Amino acid sequence: MTTHYRACNLCEAICGLRIEVEDGRVRDLRGDPDDPLSHGAICPKATALIDLREDADRLRTPLVRTASGFEPIGWDDAFDLAAERSRAIEAAHGGDAIATYLGNPNVHNSGSMLSSSGFLRALSTRNRFTATSVDQLPHHVAALEMFGHPMLLPIPDLDRTDYFLVMGANPLVSNGSIMTAPGIRERLRTMQRRGGRVVTIDPRRTETAQAADEHHFIRPGTDALLLLALIATIFDERLVDLGRLAPLLDGLDALRDAATAYAPERVAAHTGIAPETTREIARAFARAPRAVAYGRMGLSVQAFGGLCQWLVVALNAITGNLDEPGGAMWPLPAFDLLLRAKPGEVHEGRYRSRVRGLPEFNGELPVVTMLDEITTPGAGQVRALVTIAGNPVLSTPNGAALDRALAELDFVLCIDPYLNETTRHAHLILPPAIGLEVEHYDVIFHHFAVRNTARVNAPVFELADEQRFDWQIFDALAQRLTGKALAPPRERLDAGLRFGPRRTSVDELLAHPHGVDYGPLESCMPQRLLTGDGRIRLAPRRFLDDLPRLRATLDDRPPRFVAIGRRQLRSNNSWMHNAPRLMRGADRCTLLLHPDDAADLGVESGAAVHVESDYGRITVPVEVSDEMMRGVVSLPHGFGHTKPGTRMRVATEHPGASINDLTGDAIDAATGNAALNGIPVRIAPHAR
Ligand SMILES: Nc1nc2c(c(=O)[nH]1)N[C@H]1C(S)=C(S)[C@@H](COP(=O)(O)OP(=O)(O)OC[C@H]3O[C@@H](n4cnc5c(=O)[nH]c(N)nc54)[C@H](O)[C@@H]3O)O[C@H]1N2
Ligand SMILES: Nc1nc2c(c(=O)[nH]1)N[C@H]1C(S)=C(S)[C@@H](COP(=O)(O)OP(=O)(O)OC[C@H]3O[C@@H](n4cnc5c(=O)[nH]c(N)nc54)[C@H](O)[C@@H]3O)O[C@H]1N2
Ligand code: SF4
Ligand SMILES: [Mo]
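Residue numbering note: each chain is counted from 1, following its sequence as written. Chains carry letters from A onward and ligands carry numbers from 1 onward, assigned in written order. Local features in a predicted model are, by the rule used here, given only for residues with pLDDT of at least 70; side-chain atom pairs are given and counted only at 80 or more, and totals for whole chains, interfaces and linings are based on all residues. With hydrogens and water stripped out, all remaining heavy atoms of the structure feed into the side-chain values.

### Quick notes on the overall build of the protein chain
On a plain count of helices and strands, the protein chain comes out with 24 helices and 30 strands. Scaling as 2.2 N^0.38, a compact globule of 688 residues should have a C-alpha radius of gyration of about 26 Å, and the protein chain matches this with 24 Å. Here the C-alpha coordinates of the protein chain stretch approximately 70 × 65 × 50 Å along the principal axes. Categorising residues by exposure relies on relative accessible area from a 1.4 Å probe, with only protein chains included: less than 20% of the type maximum marks a residue as buried, more than 50% marks it as exposed, and the intermediate range marks it as partly exposed. Residues counted as buried form 62% of the 688 residues belonging to the protein chain. Any two residues having at least one pair of non-hydrogen atoms within 4.5 Å are treated as being in contact. Contacts in the protein chain between residues at least 24 apart in sequence constitute 74% of all its contacts with a sequence separation of at least 6. Under the convention used here, a 1.4 Å probe and the Shrake-Rupley method define accessible areas, while residue burial counts only the protein chains that appear. For the protein chain, the exposed area adds up to about 24,800 Å²; of that, 49% sits on carbon and sulfur atoms. Per the convention used, a helix needs a DSSP run of H or I reaching at least four residues, while a strand needs a run of E reaching at least two, with both numbered from the N terminus. For this measure, only C-alpha atoms enter the radius of gyration; the expected value for a globule follows 2.2 Å times N^0.38, where N is the number of residues.

If you want it as structure tokens, here you go:
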């Protein structure tokens, strides 16, 4: 029996694990009590690492499409074929004819993270898409506007705050996002025991809301109105306190002027939150010794994601809670992606998407328009797609239409360990080693963590001869396309750690398998600012210019029903439904519906309903629940395992339906992020 320690890389919480292995199999897997960040906390998904390791459906060698279906092909032949097809498409139609899509697990895998960009450069296409624009893009845009760099994201200093305002996030289920805080349930309890308050704003009384001190229902998509009302109240009642950063803050007057039109009384009918409640939250927030506002997916993937993420930061700033303990702070990771960052180096709008004319941001285009680029004929039309760790058929808008479009492409290359709803369209699948088989240092999530720590962990299992790492696949492809090898990720990581703020190294961190603790977050402004003039912008022009769009919604009448998404503890986006340990029990792809709405429709729990939007229609069972706000229905994303030709036996037994068959072109105009929540839908009982 050997004992291994490593961080789980399935989600952003990066919990430390203690894993016992005997005869090549995991015998025991539990939390590592000596991890300085997670202190032994884990979630049920961790055990799925065992399922992932043992899953007979997981691909370990390349597959090529033939007239009679997928056939195995050797790695070298596969790399040759991929390079040959890519070159032919580029020669015939230009580099932009090959689109790329990078999904979420790419950022949870340091080997992939540190070498995918080299591979993408070898392809030289402007049609680069990622899951960022169905996720956290508004956070990046707000950070660029306010602090000068998209990666300067302020993180709640959870362990030291007295008032935690949670908007559109469900960290008790998601385990925290853009807030790496493993064991969050215990962290919140500790805070409440000290007398701190947790206040949640969500159209659903979530698991987090149930553990909170207060929960307020809000109508989807109206958070920017609420945030402006909170800010207006703070100005109005003279509760502004800029604190230490006062000399750095520009735009205070513009922020006040912008907010005055949105008094709590003015927006209440739209948000559904009583004016007095709004004022009380504003006062309690401003008066708490240390407070932090935090907004996540519910705020990002809506039509005003940019405004929301800006206003969350602004609220923290005007109450003296930015860059202060217990407020929103910036971690300083051992591998600091901003080490050599210069003001003005991040570009945007240098080119636009061909069909909708949407601007690029930091070298990528909004994924809501990937489908248009594939289906709209003309010069520059996309003819081929490379996916890396992504399942856009289930994860991006208008999924059913994308599914049809992928079938028409000349060449689809998928770097992915599963034959799923997206990769079934591949001409070639290159499956990497994953999970316990890879070395890992969390390049991204130490940037978002509530405490500064670091850990590098060796793989638990050695690579079988026939397996390859993601980075080896990128390297082999890049070599064939450009004649040049990519630097091994280990070298890049080691250099980053050596020159980084902690002056450490891969070897030094490997010698501390539980991780190294660098202590609580520390104030760092203005030293880390990248705006160029050393100032923080409280009222960026981009967001002020977007306010008329928000204001116009004050004249709208809300649709009868809108749909929002939901995450579940034993699931991870679309791809972990093949893990038997996570799929026991009743099917979870249910439509949550308020009892009064259910009565109006004449349906009860278990009844099937048709849910229809302007883009598509699905049929799902209802689960009547007073967790929901009236007029709002909730459906988990990542289901819809109904397509023929996949190889995910467990997932197919729990197919569900895909909420992204209902989402479509809706976008946050200020950032290019998809608006996946608050979709108008019509609901009808399924005729028996
Ligand atoms: N309606 C709606 N849609 C959503 C969301 C929502 O809340 N509502 N959430 C959005 C969010 S936040 C995200 S992040 C996206 C996720 O969108 P995607 O990243 O496109 O989807 P995933 O389901 O995470 O698919 C991950 C894929 O990576 C593969 N994979 C896993 N590990 C590895 C690895 O180590 N290497 C490689 N090469 N492949 C690997 C899996 O087999 C799977 O095919 O979905 C978004 N879509
Ligand atoms: N178990 C599990 N963990 C995960 C994932 C998973 O799929 N499963 N996915 C991972 C990923 S990729 C991410 S990005 C994170 C996301 O982490 P979170 O953002 O914490 O997770 P969500 O459950 O999407 O939370 C969004 C919340 O917003 C609410 N909401 C929807 N619309 C609105 C609105 O208009 N206004 C407000 N105020 N609220 C709204 C929803 O009801 C929901 O409670 O989770 C990560 N962790
Ligand atoms: S919370 Fe995330 S990192 Fe922690 S064990 Fe669960 S999946 Fe792994
Ligand atoms: Mo995400």
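### Brief notes about the sheet that holds strand β7 (residues 128-130)
Only strands joined by at least two bridges in the DSSP assignment are considered to pair. In space, the seven strands of this open sheet follow the order β5-β4-β19-β18-β17-β6-β7, with mixed pairing throughout. The sheet is open, and its two borders are formed by β5 (69-72) and β7, each paired with just one other strand. Mean inter-strand twist for the sheet, computed between neighbouring axes without regard to direction, equals 20°. As paired elements, strand β17 (residues 384-388) and strand β18 (residues 411-415) share five bridges and run parallel to each other. From the neighbouring strand, Thr387 faces β18, where its bridge partner is Cys414. Here an angle of 0 to 180 degrees is reported between the N-to-C directions of two axes, which are lines fitted to C-alpha atoms, with helices fitted over the stretch in contact. Contacts from helix α18 (residues 470-482) reach β17, β18 and β19 (428-430) within the one sheet, and its direction differs from that of β18 by about 140°.

### Considerations on the site of ligand 1
Around ligand 1 sit 28 residues in total, of which Tyr101, Asn104, Ser395, Asp416 and Ser574 are the nearest. Here a nitrogen atom of ligand 1 sits 2.8 Å away from a polar atom, N or O, in the side chain of Asp470. In the complex, 97% of the free accessible area of ligand 1, which totals 930 Å², lies under the protein chains. When residues are sorted by character, Ala, Val, Leu, Ile, Met, Phe, Trp, Tyr, Cys and Pro go into the nonpolar class, Asp, Glu, Lys and Arg into the charged class, and all the rest, Gly among them, into the polar class. Among the residues forming the shell around ligand 1, the class breakdown is 13 nonpolar, eleven polar and four charged. Throughout, near means a residue has at least one heavy atom within 4 Å of the molecule or strand. Side-chain atoms alone can form a polar contact between residues adjacent in sequence; in general such a contact is a pair of N or O atoms within 3.5 Å, and within protein one must be able to donate a hydrogen while the other accepts it.

### As for the packing of aromatic side chains
Each Phe, Tyr or Trp ring, with Trp reduced to its six-membered ring, pairs with another whose centre is within 6.5 Å; inter-plane angles below 30 degrees give stacked pairs, above 60 give edge-to-face pairs, and intermediate values give tilted ones. Per the counting criterion, the structure on display carries nine aromatic pairs. With centroids separated by 5.6 Å and ring planes inclined at 35°, the aromatic side chains of Trp75 and Phe79 adopt a geometry described as tilted. Of this pair, Trp75 and Phe79 are both found in helix α2 (residues 75-93), four residues apart, which corresponds to roughly one turn of the helix. A relative accessible area of 7% means that Trp75 is categorised as buried. Exposure remark for Phe79: the relative accessible area of 4% places this residue in the buried category. For the ring pair Phe335 and Tyr441, a centre distance of 6.5 Å and an interplane angle of 35° mean the geometry is tilted.

### Considerations on the pairing of strand β30 (residues 679-685)
Sheet topology note: the strand β25 (residues 561-566)/β30 ladder contains three bridges and is antiparallel. Opposite Phe561, over in β30, you have Val681 as the bridge partner. Pairing of strand β27 (residues 608-612) with β30 involves four bridges; the strand directions are antiparallel. Its bridge partner being in β30, Val611 is matched across the sheet by Ile683.

### A closer look at the nonpolar core
Considering soluble globular proteins, one finds that nonpolar side chains tend to be buried as a cluster. Residues belong to one nonpolar core when they are buried, are Ala, Val, Leu, Ile, Met, Phe, Trp, Tyr or Cys, and are joined through side-chain atoms within 4.5 Å. Core analysis: the biggest nonpolar cluster contains 100 residues, and Phe147, Phe164 and Leu165 have the highest contact counts within it. Apart from residues lying up to four places away in sequence, Leu165 is in contact with Val199, Ile201, Leu230, Ile281, Phe285, Val292, Ala293, Tyr294 and Leu315. If you look at the next biggest cluster of nonpolar residues, it comprises 35 residues, including Leu63, Val134, Ile374 and Leu419.

### Remarks on the packing of α2 against α18
Two elements in contact, α2 and α18, have axes whose closest approach is 9 Å; the angle formed by their N-to-C orientations is 50°. Judged by the inter-axis angle, α2 sits oblique to α18. Between α2 and α18 lies a crossing whose hand is right-handed. Contact with α2, carried on its side by Trp75, Asp76, Phe79, Asp80, Ala82, Ala83, Ser86 and Arg87, involves Ile473, Ala476, Leu477, Arg480 and Leu481 of α18 and no other residues of that element. Here the residues of the contact of α2 with α18 are counted per class, giving eight nonpolar, one polar and four charged. Relative orientations are named as follows: roughly parallel for angles under 35 degrees, roughly antiparallel for angles over 145 degrees, roughly perpendicular for angles from 65 to 115 degrees, and oblique for any other angle. The handedness criterion is simple: a crossing whose near helix is rotated anticlockwise from the far helix by less than a right angle is left-handed, and one whose near helix is rotated clockwise is right-handed.

### Things to note about helix α17 (residues 399-406)
Most of α17 is tucked away: six of the eight residues are buried. If you check which residues of α17 are buried, you get Gly399, Ala401, Leu402, Asp403, Ala405 and Leu406.

### Topic: the side chain of Ser571
Relative to the elements of secondary structure, Ser571 occurs in the loop between β25 and α22 (580-583). Residue classification places Ser571 among the buried residues on the basis of a relative accessible area of 9%. Residues in contact with Ser571, not counting those within four places in the same chain, are Lys45, His577 and Arg588.

### Here we look at the packing of helix α11 (residues 264-271) against helix α12 (residues 275-287)
Between α11 and α12, whose axes approach to 8 Å, the crossing angle comes to 115°. For the element pair α11 / α12, the angle class is roughly perpendicular. In this structure, α11 crosses over α12, and the sense of that crossing is right-handed. Here α11 contributes Pro264, Glu265 and Ala268 to the contact with α12, which in turn contributes Pro275, Thr278 and Arg279.

### Concerning the pattern of salt bridges
A pairing counts as a salt bridge when a side-chain nitrogen of Lys or Arg comes within 4 Å of a carboxyl oxygen of Asp or Glu. For the structure shown, the criterion picks out 52 salt bridges. In this structure, the salt-bridge partner of Arg279 is Glu265, at a minimum N-O distance of 3.1 Å. Here Glu265 lies in helix α11 and Arg279 lies in helix α12, a separation of 14 residues in the sequence. Exposure remark for Arg279: the relative accessible area of 12% places this residue in the buried category. Owing to a relative accessible area of 47%, Glu265 belongs among the partly exposed residues under this scheme. We note a salt bridge from Arg537 to Asp533, for which the minimum N-O separation is 3.2 Å. On the basis of relative accessible area, Arg537 is assigned to the partly exposed category, the value being 26%. Among the ionic contacts, a cluster of salt bridges with common partners joins Asp236, Glu237, Glu265, Glu276, Arg279 and Arg283.

By themselves, these observations are geometric and do not establish any function.
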